[in-house]
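The residues making up each chain are set out below.
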Amino acid sequence: MTGWSRRRVLRTALSTAAALGSLPVAPIARAAAGPRFRRGVNAWPWFSLTREFPAPRTDYDWPPFQSQRPVPTPDDLRRLRRTGLDFIRLPVDPGPFLAADAITRGRLLDILDAAVTATLHADLGIIVNIQANAATHYWNPDRMVSSTAAPAFDLYRGLVGELAGRLARFQPGRVALEPVNEPAQACASNVWSQIQLSLLTAARTSAATLPLVVTGGCGSMVSGLTALDPAPLSPFEPILFTFHFYEPYLFSHQGAPWMREPVYRSLNNVPWPASAGSLEQTLASVRARMAQDTEIPEDAKQAAYAETERVLKVYFDARPDRWFVDKYLRQVRDWADGHFAPERIIMGEFGALRTDPRYVAAPNPDRARYIADVRRSAEELGFAWALWDLFDGMGMMDDTTRALDPDIIAALGLTMPAD
């Protein structure tokens, strides 16, 4: 969920570009590599939401993670397993690890080891994803993974190697490492290729058989993965491939306060599928939301409304439905066919913001229909998946009560646990 793909939302929200032509590549073994992660959820913000000191300092308070953030308990993890989920994807902010002295870093690594152990004890697999925070003033993606010459790339690369070595000690076939989240480089960027190869080399030097999760550029969007040449990656087997899916963003990110484009601030009541509502109904909801907003000047509201009206006309004219999702994800299957089994592909993030006391976003029945459509499409094409997120506005579990959302459990094809 980094900012790269969000900046592209208005250009890509309704595009269903033709599948990219495949370059000639050496085939990768068709046998599934490593663990069989099939149905998962992202466990943000377990190792996110940090307490960094303001500039000019570059370090973090202790403990470096906000104490009020929701963290899954052992009981939560066991309940997730009883729903039918079989793994979690664990985003880990590298900043506190890189800023720490040797003793503090060791304490952090022990805490991460304990989280992995608790997950495995709940009979869940785990993908540890190093997920740099673009909102951090110092230890951010630009500083760490913008290129192999980035100021902190060598430190980041060292952490990748260290984590690979530690994860390799755990139960084989249940743990994997994903070195980067949503790389910002262009889809076919040679810069990203060199970064990924360097990080995979570091990981493989420390762990000969640990499964590694690789991705394409463009923020791990579909177009990034389909532009990826898998041939140079074969020496790093076992590997899995990942992409993220939030199309169309006008639906999945309506009402998201972190979006930069002014359209999203008041966007709400966008239906899924589009035929479940109307342009007039959604624009009326947008106007009502704007009328309640006392922070934005009237001229800015008028400009935002004009743009909102424009993009929503495109949305309703396109009438996105399950076919829209299928067409996007079919590009990934077409790319995979002939190289390796589709079971080696993980849709590592997908989801939509809900309407609750914090957010005015998608109508919750529409959100459930969207999540069900994306999940079913991925499964029918042979892909594993991980919902974004366990907690917060895209979550399946209440931050405070820990109640599971029965509509989302059903949309994911899971089972509500008895207790």
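Read on for a plain summary of the structure. (Residues numbered from 1 in each chain as written. Predicted model: local features only at pLDDT ≥ 70, side-chain atom pairs only at ≥ 80, totals over all residues. Heavy atoms only, no water.)

### Side note on the state of the cysteines
Overall, the coordinates contain one disulfide when judged by the stated rule. One disulfide bridge connects C187 with C218, the sulfur atoms lying 1.7 Å from each other. With the S-S bond torsion at -125°, the cross-link from C187 to C218 turns out left-handed. Separated by 31 residues along the polypeptide, C187 in the loop between β6 (175-178) and α8 (190-206) and C218 in the loop between β7 (212-215) and α9 (222-226) bring together distant segments of the chain. (Disulfide = S-S within 2.5 Å. Helix = DSSP H or I, 4+ residues; strand = E, 2+ residues; numbered from the N terminus.)

### A short note on the packing of aromatic side chains
Within the structure shown, the criterion is met by 18 aromatic pairs. With 5.9 Å between their ring centres and 85° between their planes, F350 and W385 make a pair best called edge-to-face. Of this pair, F350 sits in strand β9 (residues 345-350) while W385 sits in strand β10 (residues 384-387), placing them 35 residues apart in sequence. With respect to class, F350 is no different from W385; both count as buried. An aromatic cluster is defined as three or more aromatic residues linked by ring pairs; in this entry it consists of F245, W323, F324 and Y328. The ring of F53 is capped by R57, whose NZ or CZ atom sits 3.7 Å from the centre of that ring. (Phe/Tyr/Trp six-rings, centres within 6.5 Å; stacked < 30°, edge-to-face > 60°. Buried < 20%, exposed > 50% of the residue type's maximum accessible area, 1.4 Å probe, protein only. Lys NZ or Arg CZ within 6 Å of the ring centre and 35° of its normal.)

### Section: helix α14 (residues 322-336)
For α14, which comprises 15 residues, the first-to-last C-alpha distance of 21 Å matches the rise-based estimate of 21 Å (1.5 Å per residue) to within 8%. If you look at α14, its biggest bend is around 25°, right at L329. Where α14 is concerned, the buried positions are R322, F324, V325, Y328, L329, Q331, V332, W335 and A336. Where α14 terminates, the next one or two residues include G338, which has phi positive at roughly 95°. (Expected span 1.5 Å × (residues − 1). Bend = angle between axes of the 7 residues up to and from the residue.)

### Some points on the packing of helix α7 (residues 153-167) against α8
Contact geometry of α7 with α8 gives a least axis separation of 7 Å together with a crossing angle of 40°. As for how α7 packs across α8, the hand of that crossing is right-handed. Contact residues: α7 offers F153, Y156, R157, V160, G161, A164 and G165, while α8 offers I195, S198, L199, T201, A202, A203 and S206. Split into classes, the residues belonging to the contact of α7 with α8 amount to eight nonpolar, five polar and one charged. (Axes fitted to C-alpha atoms, helices over the stretch in contact; angles between N-to-C directions. Left-handed = near helix turned anticlockwise from the far one by under 90°. Contact = heavy atoms within 4.5 Å. Nonpolar A, V, L, I, M, F, W, Y, C, P; charged D, E, K, R; others polar.)

### Observations concerning the pairing of β6
Of the two faces of β6, the one lined by V175 and L177 and the one lined by A176 and E178 are each fully buried. With four bridges connecting them, strand β5 (residues 125-130) and β6 associate as parallel partners. Bridge pairing in β6 links I127 to A176. (Pairing = 2+ DSSP bridges.)

### With respect to empty space enclosed by the protein
In this structure the tally under the stated criterion is one cavity of 30 Å³ or more. Each pocket or cavity is described by its volume, and for the largest cavity that value is around 40 Å³. Lining the largest cavity, in full, are P179, V180, W192, Q196, L199, L200, V213 and T215. If you list the elements that add at least two residues to the lining of the largest cavity, you get α8 and β7. Element by element, the count of residues in the lining of the largest cavity is highest for α8, at four residues. Among the residues making up the lining of the largest cavity, the classes are represented as six nonpolar, two polar and no charged. (1 Å grid on protein atoms, 1.4 Å probe; cavity = no way out; pocket = protein on both sides within 12 Å on 5 of 7 lines; lining within 4 Å. Points joined across faces, edges and corners; volume = space filled by probe spheres on them.)

### Side note on the nonpolar core
Of all hydrophobic cores here, the largest spans 121 residues; its most connected members are L80, L177, F241, F243, F245 and M396. Excluding residues that lie within four positions of it along the chain, F245 makes contacts with V222, V325, Y328, L329, M347, E349, F350, G351, Y370 and V374. Residues F37, F87, A176 and L240 belong to the second largest nonpolar core, which totals nine residues. (Core = buried A, V, L, I, M, F, W, Y, C linked by side-chain atoms within 4.5 Å.)

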